[in-house]
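In case you want the letters, here they are:
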Number of protein chains: 2
Amino acid sequence: MGLTDITIGIDIGGTNTAIGFIDFNGKLLMSDSIPTLGNEDIEKFIMRLHSKIISILDQFHNQYNLAGIGVAAPNANYFTGLIETPANLSWRNINFVELMKYYFKVPTVIINDADAAAIGEYMYGQAKGIKNFIEITLGTGLGCGIFVDGNILLGKDGLAGEFGHAIVEPYGRQCNCGRKGCLETYVSAGGLRRTVYNLLSYYIEFSNLRDIPFNQLTSEIIYQHALKGDSICLRAFDYTGQVLGKSLANISLCFSPEAIILFGGLANSDDLLLKPTIHHFEKSLLNIFQNKIRILKSSLQDGKAAVLGAGSLILKEIPSSKSGLVNKNYEIE
Amino acid sequence: MGLTDITIGIDIGGTNTAIGFIDFNGKLLMSDSIPTLGNEDIEKFIMRLHSKIISILDQFHNQYNLAGIGVAAPNANYFTGLIETPANLSWRNINFVELMKYYFKVPTVIINDADAAAIGEYMYGQAKGIKNFIEITLGTGLGCGIFVDGNILLGKDGLAGEFGHAIVEPYGRQCNCGRKGCLETYVSAGGLRRTVYNLLSYYIEFSNLRDIPFNQLTSEIIYQHALKGDSICLRAFDYTGQVLGKSLANISLCFSPEAIILFGGLANSDDLLLKPTIHHFEKSLLNIFQNKIRILKSSLQDGKAAVLGAGSLILKEIPSSKSGLVNKNYEIE
């Protein structure tokens, strides 16, 4: 039996790092993960990653030939290969691509995690056929990948799309980027939690969340209690949608996109978040944009979009992969 | 003597409409203008424009062959040819390109005035060789033309770059778009005037501007008094730069541009505006962007940038103009 060429897509999140094995037709063959442990030394992290990947390849009796690796990470830079001062990891200005090539000996590219999710969405998800769209990833923070005329927007130095750090509230909530009032301090899993605590401080009404310490509170818990009608939780989703909707209205008039796609844990709260977001989005939009821009929930599974996007991206740099994905008219400039 | 092929670039402003005659090498041969009279019927406007252009061509004993017209106008749409509900003109959803073709019988394109200025800047000005930049035009309102990888960003429906209507102050100043707190109500000639009046209401200090009625106040008067040390005028420029700098910091992290270029009347106030703008821009930027993005004053003359940009744009649609500008690696998608 001949070897099957594959790529690996890796998505480094604040908590977990997802790993996907992808064939040259873009099919996800299997996936796994390791904890990220963002305070750990970077080389230790790569060694753990290496062990995990080697052990999986071994399980399949080496029937797969690893042709390349695409990595998605926060504040990753496609042009330099660096991970630059990611807000939720302790690594600083690491040349991740160089390190990966040293350990894996295969072509490797890195891209911002939200950009990878946007590429995944464009190739496999809601954004198929949509050349101008904005992907918003709602996880620990808020990421943003932007497609302009069918290409991912990287900007001069590969750092475009840091919309999560747009200041939406001057003198607002403290952000781990060192500034105040960034969008992601309101709109993200962490932001939702902060909103709940703020609402608990402001209102006197009953809430089951008054029994849960801040550090144990998750967006999943808030979601579950919102479904049960907890008014603090409902208010929290409404407020989150309000901040998100208004911010998306501001970014939309810069880009004039066809769609905005919400991805990640918080996006799975469906109407709880989508409804207030769309309401405040339309209400805040300049008239010429009203009722033109769709806000959609991603159709990709959590932890898959960025893995697929990153895994697809590296195919572009492997000459032998000329069939498959590269035919799908996807280009990165 | 043979006929010389030319294009005409037209820039429809809130007050005046600039007209430029441009040869196929992009050289501005001559320029003129007519008052816009934005409350006038659109056909009357086009007839006045037509008379003016014909009379100029006549003066030159018809040595010029008019090959095409490029028009820059507020809220103009390259894809549809429409001028859609411009905030500072009474025309509503006019198919301007169709009307122009009817009167002039030559190929005609239309584009947003700030996009035209950005194209002019890219071909003739500060942005030569800069593929990712943002052009901010400061006139009656605030316009924005954005270059991404060497192309003007139009977005899904040609309306990208309406950054002047980003809401920067919730419940802020009333805007003639019907909403409140838009950037251009603070940062524009009109915004500066409103800021002066606000400061006159807040402070008790002496100012020569206390003797000037609102309707007679211009940004030029404010500039002149600022030069003479009028503290209200100095504060007004400082505040304008503060709002602009903070807003540019927010848009920059979406686009990661190499430069931001300020164009138009207010930009000519040089350091009075540039200094506070740059100060608050750098102070507000996410760390990874600091000291990377230049804020520059346009090197193009007022009333020339958009005329040149629009006049160059139409060359793309004239097959016989294959030499000249189209070689300069400028493409519109």
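For the structure given in this document, a descriptive report is provided here. It should be emphasised that the depicted structure is a prediction, and the values quoted were computed from it without experimental measurement.

What counts, and where the lines are drawn
Position labels on residues start from 1 in each chain and follow its written sequence. Going through the entries in the order they are written, you letter the chains from A and number the ligands from 1. pLDDT decides what is reported in this predicted model: residues at 70 or higher carry local features, side-chain atom pairs at 80 or more are listed and counted, and totals for whole chains, interfaces and linings draw on all residues regardless. Working from all heavy atoms in the structure, the side-chain values ignore hydrogens and water. Each axis is a line fitted through C-alpha atoms, and for a helix only the stretch in contact is used; angles between axes span 0 to 180 degrees, taken between their N-to-C directions. Each helix is a run of H or I in the DSSP string that is no shorter than four residues. Each strand is a run of E no shorter than two, and both are numbered from the N terminus. Relative orientations are named as follows: roughly parallel for angles under 35 degrees, roughly antiparallel for angles over 145 degrees, roughly perpendicular for angles from 65 to 115 degrees, and oblique for any other angle. Left-handed describes a crossing whose near helix is turned anticlockwise from the far helix through less than a right angle; right-handed describes the clockwise counterpart. Residues are treated as being in contact if the distance between any of their heavy atoms lies within 4.5 Å. Residue classes follow a fixed rule: Ala, Val, Leu, Ile, Met, Phe, Trp, Tyr, Cys and Pro count as nonpolar, while Asp, Glu, Lys and Arg count as charged, and any other residue, Gly among them, counts as polar. Throughout, disulfides are identified as pairs of cysteine sulfur atoms within 2.5 Å of each other. Burial here depends on accessible area, computed with a 1.4 Å probe over protein chains only, as a share of the maximum for the residue type. Under 20% is buried, over 50% is exposed, and the range in between is partly exposed. To qualify as a nonpolar core, a set must consist of buried Ala, Val, Leu, Ile, Met, Phe, Trp, Tyr and Cys residues joined through side-chain atoms within 4.5 Å. Superposing copies: least-squares fit, C-alpha atoms only, residues required to have pLDDT of at least 70 in both. Both cavities and pockets are sets of points on a 1 Å grid over the protein atoms alone; in a cavity a 1.4 Å probe fits but cannot get out, in a pocket the set is open with protein on both sides within 12 Å along at least five of seven lines, and lining residues sit with an atom within 4 Å of a point. Grid points are joined across faces, edges and corners, and a volume is the space filled by probe spheres set on the points. By buried area we mean the combined loss of accessible area, with a 1.4 Å probe, across both parts when two parts are placed together. Criterion for a salt bridge: a side-chain nitrogen of Lys or Arg within 4 Å of a carboxyl oxygen of Asp or Glu. For this analysis, a ring pair means two rings from Phe, Tyr or Trp (six-membered ring only for Trp) whose centres lie within 6.5 Å, classed as stacked if their planes differ by under 30 degrees, edge-to-face if by over 60, and tilted for the remaining angles. A ring is scored as having a charge over it whenever the NZ atom of a lysine or the CZ atom of an arginine sits within 6 Å of its centre and within 35 degrees of its normal. We define a polar contact as two N or O atoms separated by no more than 3.5 Å, with the added condition that, inside protein, one atom must be a possible hydrogen donor and the other a possible acceptor, whereas residues neighbouring each other in sequence contribute only through side-chain atom pairs. In this scheme, strands are said to pair when DSSP sees at least two bridges between them. Each helix should span, by expectation, one fewer than its residue count multiplied by 1.5 Å.

## So, the packing of helix H4 (residues 189-202) of chain A against helix H6 (residues 231-255) of chain A
Residue and element names in this part refer to chain A.
Phase 1: Contact geometry of H4 with H6 gives a least axis separation of 9 Å together with a crossing angle of 125°. When the interaxial angle is binned, H4 and H6 end up oblique. With respect to the hand of their crossing, H4 and H6 are arranged in right-handed fashion. Within the contact between the two elements, H4 uses Leu-192, Thr-195, Val-196, Leu-199 and Leu-200 and H6 uses Ile-232, Arg-235, Ala-236, Phe-237, Tyr-239 and Thr-240.
Phase 2: Of the residues that constitute the contact of H4 with H6, the class distribution is eight nonpolar, two polar and one charged.

## Details of the state of the cysteines
All names here are of chain A.
Phase 1: This model, assessed by the stated rule, comprises zero disulfides over all chains.
Phase 2: Residue Cys-182 stays outside any disulfide, its sulfur separated by 3.7 Å from that of Cys-177, the closest cysteine.
Phase 3: On the basis of relative accessible area, Cys-182 is assigned to the buried category, the value being 0%.

## A closer look at unusual backbone geometry
Phase 1: Of note, the phi angle at A:Asp149 is positive, near 50°, even though the residue is not glycine.
Phase 2: Here A:Asp149 lies in the loop between strand S9 (142-148) and strand S10 (151-152).
Phase 3: Residue classification places A:Asp149 among the partly exposed residues on the basis of a relative accessible area of 25%.
Phase 4: Despite not being glycine, B:Asn75 has its phi angle at roughly 55°, a positive value.
Phase 5: Mapped onto the secondary structure, B:Asn75 falls in the loop between strand S4 (64-73) and strand S5 (82-83).
Phase 6: With relative accessibility at 10%, the residue B:Asn75 sits in the buried group.

## Here we look at the nonpolar core
Nonpolar side chains in soluble globular proteins tend to be buried together.
Phase 1: By size, the foremost hydrophobic cluster in this structure holds 108 residues, and its most contacted members are A:Ile136, A:Phe163, A:Phe255, B:Ile136, B:Phe163 and B:Phe255.
Phase 2: With residues up to four places along the chain from it excluded, the contact list for B:Phe255 reads A:Leu153, A:Gly155, A:Lys156, A:Ala160, A:Cys254, A:Phe255, B:Ile134, B:Ile146, B:Val148 and B:Leu153.

## Quick look at the relation of the copies chain A and chain B
Phase 1: Rotating chain A by 180° and translating it 0.0 Å along the rotation axis places it on chain B, where the RMSD comes to 0.0 Å. Given the turn and translation reported, the copies of this chain are related as if by a two-fold rotation axis.
Phase 2: Mapped onto chain B, 100% of the interface residues of chain A are again interface residues, and the two copies thus contact each other with one and the same surface.

## So, the layout of surface pockets
Over the atoms, a rolled probe matching the size of one water molecule traces out where space is still vacant.
Phase 1: Put simply, the largest pocket is a space of about 1600 Å³.
Phase 2: If you list the elements that add at least two residues to the lining of the largest pocket, you get H6 and helix H7 (271-284) of chain A together with helix H6 (231-255) and helix H7 (271-284) of chain B.
Phase 3: Counting residues per element, the lining of the largest pocket draws most heavily on H6(B), at 10 residues.
Phase 4: Class assignment of the residues belonging to the lining of the largest pocket gives a composition of 25 nonpolar, 10 polar and 10 charged.

## Some remarks on the interface of chain A and chain B
Quoted interface sizes are often the accessible area lost when the parts come together.
Phase 1: Contact residues are listed per partner, giving 41 residues for chain A and 41 residues for chain B.
Phase 2: Where chain A abuts chain B, roughly 3200 Å² becomes buried across the two surfaces, and 56% of that area is made up of carbon and sulfur atoms.
Phase 3: On the chain A side of the interface with chain B, the three residues burying the most area are A:Lys156, A:Cys254 and A:Ile288, jointly 17% of the side's total.
Phase 4: Remark: the boundary between chain A and chain B carries six salt bridges.
Phase 5: Here A:Asp157 ties to B:Lys292 by a salt bridge, and the two come within 3.5 Å at their closest N and O atoms.

## Here's the deal with the pattern of salt bridges
Residues and elements named next belong to chain A.
Phase 1: By the definition in use, this model includes 16 salt bridges over all chains.
Phase 2: A salt bridge links Asp-32 to Lys-52; its shortest N-O distance comes to 3.7 Å. Of this pair, Asp-32 sits in strand S3 (residues 28-35) while Lys-52 sits in helix H1 (residues 42-59); the two residues are 20 residues apart in sequence, bridging distant segments of the chain.
Phase 3: Accessibility expressed as a relative area gives 31% for Asp-32, which makes it partly exposed.

## Points about the packing of aromatic side chains
Both the distance between ring centres and the angle between the ring planes are used here to describe each pair of aromatic rings.
Phase 1: Following the criterion strictly, the structure yields 25 aromatic pairs over all chains and no others.
Phase 2: For the ring pair B:Tyr202 and B:Tyr203, a centre distance of 5.0 Å and an interplane angle of 85° mean the geometry is edge-to-face.
Phase 3: A network of ring pairs unites the aromatic residues A:Phe45, A:Trp91 and A:Phe96 as a single cluster.
Phase 4: The lysine or arginine in question, A:Arg235, covers the ring of A:Tyr203, its NZ or CZ lying 3.8 Å from the ring centre.

## Concerning the side chain of B:Ser207
Residues and elements named next belong to chain B.
Phase 1: By the element assignment, Ser-207 lies in the loop between helix H4 (189-202) and helix H5 (219-227).
Phase 2: One polar contact links the side chain of Ser-207 to the main-chain amide nitrogen of Leu-209, over a distance of 3.1 Å.
Phase 3: If sequence neighbours within four positions are ignored, Ser-207 has contacts with Leu-200, Asp-230 and Ile-232.

## Regarding the pairing of strand S1 (residues 4-12) of chain B
Residue and element names in this part refer to chain B.
Phase 1: Judged by how many residues are buried, S1 sits mostly within the fold: seven of nine residues are covered.
Phase 2: Bridging between S1 and S4 involves eight bridges; their strand directions are parallel. Paired with Ile-6 across the strands is Leu-66, a residue of S4.
Phase 3: By the bridge criterion, seven bridges tie S1 to strand S2 (residues 16-23) in an arrangement that is antiparallel. Bridge pairing links Ile-8 to Phe-21 in S2.
Phase 4: Hairpin connection of S1 to S2: three residues between the antiparallel strands.

## Some details on the sheet that holds strand S10 (residues 151-152) of chain B
All names here are of chain B.
Phase 1: Judged by pairing direction, the sheet is mixed, and its five strands sit side by side in the order S10-S9-S8-S11-S12 without closing on themselves. Whereas interior strands pair on both sides, the edge strands pair on one side only; in this sheet they are S10 and strand S12 (294-297).
Phase 2: Relative to strand S9 (residues 142-148), strand S8 (residues 133-138) runs antiparallel, the two sharing six bridges. Residue Ile-134 lies in a different strand from S9, and its bridge partner there is Ile-146.
Phase 3: Its contacts with the sheet put H7 on S8, strand S11 (259-263) and S12, and the angle it makes with S12 is roughly 165°.

## Comments concerning H6(A)
All names here are of chain A.
Phase 1: Here H6 is 25 residues long and its end C-alpha atoms lie 36 Å apart, about the 36 Å a rise of 1.5 Å per residue gives.
Phase 2: Its side-chain oxygen 3.1 Å from the backbone nitrogen of Ile-232, Asp-230 forms the N-cap of H6.
Phase 3: Directly beyond the C-terminal end of H6, a positive phi value near 50° is found at Ser-256.

On their own, these measurements won't tell you what the molecule is for.
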